[in-house]
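Tertiary structure, described
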Amino acid sequence: MSDMKFGLTAYGTVYAMGIHPSANRTRITAKGLLQMAESYGLQGSEIPLDILKGSDPDEAAEYACDRGLFINIAASGFDVAALKEALQLANRVGALTVRTLVGGAKFGGDRRHMAGSWKPFLQTILRSFQEVMESAAPAGANLAVENHQDLASEELLWLCESIGSDKFGITLDTGNPLATAEEPVDFFRRVAPFVKNVHLKEYAIYSSEEGYRLVRKPLGQGVINFPELLRILNEVNPQVTMSVEHGALEARHVRVLQEDFWTEYPERTALQLTRLLRFVEDHAKNKGDWRTPFEKGAQPEEIIAYELEEMNVGMAYLSNLMKRYA
């Protein structure tokens, strides 16, 4: 029996929740996110820091405790004081993990604007995380940095090994290895021992003259091998939490066929690149409109309906997948 727990993130679900500001809906609360996760048969939620602070943290903590739900917190950045505050709040509400991201690269893994400054940037974030972890409570929440279409597996592993704390690790976004030009299952295997938290996100691939586009899809309707992901984690790291991330509404363009795309990237072996290019070749679509209603400028209510339909398809897939690991 697996110890993995499945939950929901707020990211990419703004329209699906019917709370987009242009639709004149009520802002979601931390407790509301937990209730939404429950309505889908899930076991917890990753709650954005601003939503948790802007509602009643203790109410959310009490609700989660009473229902046996997990809480993770979604923070961002590498500011030492801000992350320490997020970890303190996490310990207050009984959260398991604080997720953060570092940025630097643009979506689609584009580092070209960071030419000459990427390595100093990495040293800066390493020093920040080291300082945060020096004062982290030994029995407190984890701090987990996400592969947010910025950090490659080599850099994530370097951070984890350099910091050397059991409370520091990775939030694995399942769709984002493709943005740093890595074959997803290869990526999963490399980082699995350090994963604290997972974002279950799905993409389809559409070919372009410059590389490929990553286009959001419901879980199970794209290219990510979720059964293999769960098999790997169940074997290597079975106590992780996983939260459904309903994907971005805009495609991410990964321009791997432009030579300067590789500016500031770690050196890759021929085997790594062959596996990536074979994966893209096997899965990419060459025709069809890849745009979402959002990208087409549709009205908010149409986008909400689209989001709800896509989320329900993904949740049905996840429900069947979860039964294998119950």
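Below you will find a few notes about this structure. (Residues numbered from 1 in each chain as written. Predicted model: local features only at pLDDT ≥ 70, side-chain atom pairs only at ≥ 80, totals over all residues. Heavy atoms only, no water.)

1. Some words on the sheet that holds strand β4 (residues 97–100)
By definition, the strands of a sheet pair up through backbone hydrogen bonds, in either a parallel or an antiparallel sense. Read around the closed barrel, 8 strands run β1-β2-β3-β4-β5-β6-β7-β10, paired in parallel fashion. Going across the sheet, the axis of each strand differs from the next one's by a mean of 30°, ignoring polarity. Note that strand β5 (residues 142–146) and strand β6 (residues 168–173) share 4 bridges and pair parallel. Bridging across to β6, E146 finds its partner in T171. (Pairing = 2+ DSSP bridges. Helix = DSSP H or I, 4+ residues; strand = E, 2+ residues; numbered from the N terminus. Axes fitted to C-alpha atoms, helices over the stretch in contact; angles between N-to-C directions.)

2. Quick look at the packing of aromatic side chains
Here the structure, examined in full by the defined rule, presents 7 aromatic pairs. Aromatic side chains F261 and W262 sit 5.1 Å apart centroid to centroid with 90° between the ring planes, which places their arrangement in the edge-to-face category. According to the relative accessible area criterion, F261 is buried, its value standing at 1%. Classification of W262 as partly exposed rests on a relative accessible area of 27%. Where W262 meets Y265, the ring centres are 5.6 Å apart and the plane angle is 70°; that geometry is what we call edge-to-face. By the ring-pair criterion, three or more aromatic residues cluster together here, those being F78, W118 and F121. (Phe/Tyr/Trp six-rings, centres within 6.5 Å; stacked < 30°, edge-to-face > 60°. Buried < 20%, exposed > 50% of the residue type's maximum accessible area, 1.4 Å probe, protein only.)

3. Considering the pairing of strand β2 (residues 44–48)
Most of β2 is tucked away, with 5 of its 5 residues classed as buried. Of the two faces of β2, the one holding G44, E46 and P48 and the one holding S45 and I47 are both buried throughout. Summarising the sheet, β2 and strand β3 (residues 70–74) pair through 5 bridges and their orientation is parallel. Bridging from a neighbouring strand, I47 pairs with I73 of β3.

4. Considerations on empty space enclosed by the protein
With the rule as written, the count across this model stands at 1 cavity of 30 Å³ or more. By volume, the largest cavity amounts to about 50 Å³. Along the wall of the largest cavity there are 13 residues; nearest its centre are P218, L219, V244, E245 and H246. Of the residues contributing to the lining of the largest cavity, the split by class is 6 nonpolar, 2 polar and 5 charged. (1 Å grid on protein atoms, 1.4 Å probe; cavity = no way out; pocket = protein on both sides within 12 Å on 5 of 7 lines; lining within 4 Å. Points joined across faces, edges and corners; volume = space filled by probe spheres on them. Nonpolar A, V, L, I, M, F, W, Y, C, P; charged D, E, K, R; others polar.)

5. Quick notes on the sheet that holds strand β11 (residues 252–254)
Read from one edge of the open sheet, 3 strands run β8-β9-β11, paired in antiparallel fashion. Each of the sheet's edge strands pairs with one partner strand only, and the pair in question is β8 (202–208) and β11. The average angle at which neighbouring strand axes cross in this sheet is 30°, direction not considered.

6. A few points about the side chain of H246
Locating H246 in the fold gives a position in the loop between β10 (241–244) and β11. Polar side-chain contacts of H246 include one of 3.3 Å to the backbone oxygen of E307. A distance of 3.5 Å separates a polar atom in the side chain of H246 from the backbone nitrogen of M311. (Polar contact = N/O pair within 3.5 Å; in protein donor to acceptor, adjacent residues only side chain to side chain.)

7. Topic: the pattern of salt bridges
Applying the stated criterion across every chain yields a total of 22 salt bridges. For D173, the salt bridge identified is with K201, shortest N-O distance 3.2 Å. Placement of D173 in strand β6 and of K201 in the loop between β7 (195–200) and β8 is noted, with a sequence separation of 28 residues between them. The residues D173 and K201 share a single accessibility class, namely buried. Here R275 ties to D186 by a salt bridge, and the two come within 3.4 Å at their closest N and O atoms. Here the residue R275 occupies a position in helix α9 (residues 270–283), and D186 occupies one in helix α7 (residues 184–191), the gap between them amounting to 89 residues. A relative accessible area of 41% means that R275 is categorised as partly exposed. Given a relative accessible area of 17%, D186 falls into the buried group. Salt bridges sharing partners connect three or more residues here, namely D186, R189, E228, R231, E235 and R275. (Salt bridge = Lys/Arg side-chain N within 4 Å of Asp/Glu carboxyl O.)

8. Let's talk about the packing of helix α1 (residues 30–39) against helix α3 (residues 57–67)
Orientation of α1 relative to α3, taken along the N-to-C sense of each, is 25°, at an axis distance of 8 Å. In terms of orientation, α1 lies roughly parallel with respect to α3. Judged by the sense of rotation from one axis to the other, the crossing of α1 with α3 is right-handed. Residue-level inspection shows A30, K31, L34, Q35 and E38 of α1 in contact with α3, the latter providing E59, A60, Y63, A64 and R67. Looking at the contact of α1 with α3, its residues break down into 5 nonpolar, 1 polar and 4 charged. (Parallel < 35°, antiparallel > 145°, perpendicular 65-115°, else oblique. Left-handed = near helix turned anticlockwise from the far one by under 90°. Contact = heavy atoms within 4.5 Å.)

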